[in-house]
Amino acid sequence: MSTMPHIAVVVDDEPITPDAPGGAAALVHTHVTLLLDAGFRVSVLVLRDPDGPRRFETFTREQPERWKTIEQRLTACYVRDLRRKAHRSAPLQSLMRALSDRATLILDPEPTDVERFAATVQALGPDALLAVHLVPASLLHGRAYARLAIGLATRPLTLYDHFDWHWRIKAHRAGRRSWRQRLRHRLTRGWEEHLVKIADGVVTGSASEAATCRRLGARNVVNVPTAFEVPASPPSFTSFPTPPRLVHLGGMSTTANRLGLGRFLDVVWPEFTRPRPELWVIGSLRGADATLLERLENDPDIVTTGFVDDLATVLRPGDLHIVPWEHDTGTRTRVPLALRHGQVLVSTRAAVACLPEIEDGRNAVLVDTLDAMRAELDSLAESTDRRHELAEAGWRTFLDAYTHEALRPRIETFFRTVLDENGAGEA
């Protein structure tokens, strides 16, 4: 009897759900669900810092039904402690240590925890390990695990689920840096780029970052953006609110959300003359600095909702969904969500470079700079017909490109190809 290939997904201590602050949880949920839908056997290995916030544990406790829908389909699920070594060495010594093992730039784990993790992998016997983002990938390619992996009866393939370039995100939020910080930044960039080159395959949520991985020499790269279920009731396009709201979606703990909203308030918001449109800021404000919080709380035209579990209660069809982030980093989880709810997407070109399905004038309005955004928002507010046209085109794009049904063949073909090429698994 043939056996379906077995994929062990190694995740950091994060929830696996589309209903969580930030986009990482939704992307993990997408990739795990698509693998299950494609018929693969899937196990999940959660790496937990015993002294950390225990986000995965909180998710399973607060969303038991959501977790149950995943857990009952898994071959296995284990939570494994991964403590960091306690170093009392100076920063320079830390950098010297990283020169001999670059994985320690991200993770320098306790050897006993690495041994327990390796024993779990050996017991599971997967055909492939899918390391989700930087910490799991650094564990699998650090020296501590590599030494143990040599002794495994069969060595599974190692694939990298790449979310974004950590070094680039840190650069956008960093101020003036010392020479040691600049050196660490350069070493971290080198390590991240090395990871995509040595992996047996790379999955990413961004088409532009997939192209970068290929340029760096990565093998077997596929772009699989965040997918969402088709709603039971599609958005209504019969009557749009006038005037429309401006909507910004996403928690402030995410760099792109926090800095992008701050830039919008600096550049675009002051250009509106009264009466201004309402600006709805939807998502947790945790992570916003005092200055941003004060601006949001004291402006009578800004409505803050906090985290909203049911977005259908706040995302009205026909409202103007803004994405003011000015850089091509990671993937934009909120874009498929905006289209799913019939909103009109207004974004910088850089922010949606990760999603080639988004096209200016067809299913969105894209601007080169934030200076040009206010005029486009004014024009859309005055033209209900144009909002109807863009919102309906956006809904069709969601159905064609950002559902589980649309993306399952892509991830299935990728994994089967990589496994077949390496003689792993049995179809």
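Please read all numbers here as calculations on a predicted model, not as lab measurements. (Residues numbered from 1 in each chain as written. Predicted model: local features only at pLDDT ≥ 70, side-chain atom pairs only at ≥ 80, totals over all residues. Heavy atoms only, no water.)

Asker: Help me understand the nonpolar core, please; the structure alone is not making it clear to me.
Answerer: Across soluble globular proteins, nonpolar side chains show a tendency to be buried alongside one another. Core analysis: the biggest nonpolar cluster contains 58 residues, and F264, L265, L279, I282, I358, M373 and L377 have the highest contact counts within it. Residue contacts for F264: discarding those within four places in its chain leaves L246, W269, P270, F272, L279, I322, P324, L370, M373 and L377. (Core = buried A, V, L, I, M, F, W, Y, C linked by side-chain atoms within 4.5 Å. Buried < 20%, exposed > 50% of the residue type's maximum accessible area, 1.4 Å probe, protein only. Contact = heavy atoms within 4.5 Å.)

Asker: Hey, could you run me through the sheet that holds strand β11 (residues 320-323) in this one?
Answerer: Strands belonging to one sheet form pairs held by backbone hydrogen bonds; the direction of such a pair is parallel or antiparallel. One open sheet accounts for six strands, arranged β10-β9-β8-β11-β12-β13; its pairing is parallel. Lying at the two open borders of the sheet, with one neighbouring strand each, are β10 (302-306) and β13 (365-367). Taking the axes of each pair of neighbouring strands and ignoring which way they run, one obtains an average angle of 25 degrees across the sheet. Bridge count for strand β8 (residues 246-249) against strand β9 (residues 279-282) is four bridges, and the pairing is parallel. Across the sheet, residue V247 finds its bridge partner in β9, namely W280. Contacts from helix α11 (residues 255-267) reach β8, β9, β10 and β11 within the one sheet, and its direction differs from that of β8 by about 155 degrees. Where helix α15 (residues 384-401) meets the sheet, it contacts β11, β12 (344-348) and β13, and its direction lies at approximately 85 degrees from that of β12. (Pairing = 2+ DSSP bridges. Helix = DSSP H or I, 4+ residues; strand = E, 2+ residues; numbered from the N terminus. Axes fitted to C-alpha atoms, helices over the stretch in contact; angles between N-to-C directions.)

Asker: Is there a simple way to think about the side chain of T329 in this case?
Answerer: Inspection of the secondary structure puts T329 in the loop between β11 and α13 (334-340). T329 sits in the buried class, given a relative accessible area of 2%.

Asker: So what exactly am I meant to see when it comes to the pattern of salt bridges here?
Answerer: Pairing between side chains of opposite charge can happen when the charged atoms of each approach one another. In the structure shown here, the tally under the stated rule is 23 salt bridges. Residues D301 and R276 are paired through a salt bridge, measuring 3.0 Å at the closest nitrogen-oxygen approach. Separated by 25 residues along the polypeptide, D301 in the loop between α12 (290-298) and β10 and R276 in the loop between α11 and β9 bring together distant segments of the chain. Across this residue pair, the class does not change: D301 and R276 are buried. In this structure, R374 and D378 form a salt bridge, with 3.0 Å as the shortest nitrogen-oxygen distance. Of the two residues, R374 and D378 both sit in helix α14 (residues 373-382), four residues apart, roughly one turn of that helix. For R374, a relative accessible area of 27% puts it in the partly exposed group. Assessed through its relative accessible area of 25%, D378 is described here as partly exposed. (Salt bridge = Lys/Arg side-chain N within 4 Å of Asp/Glu carboxyl O.)

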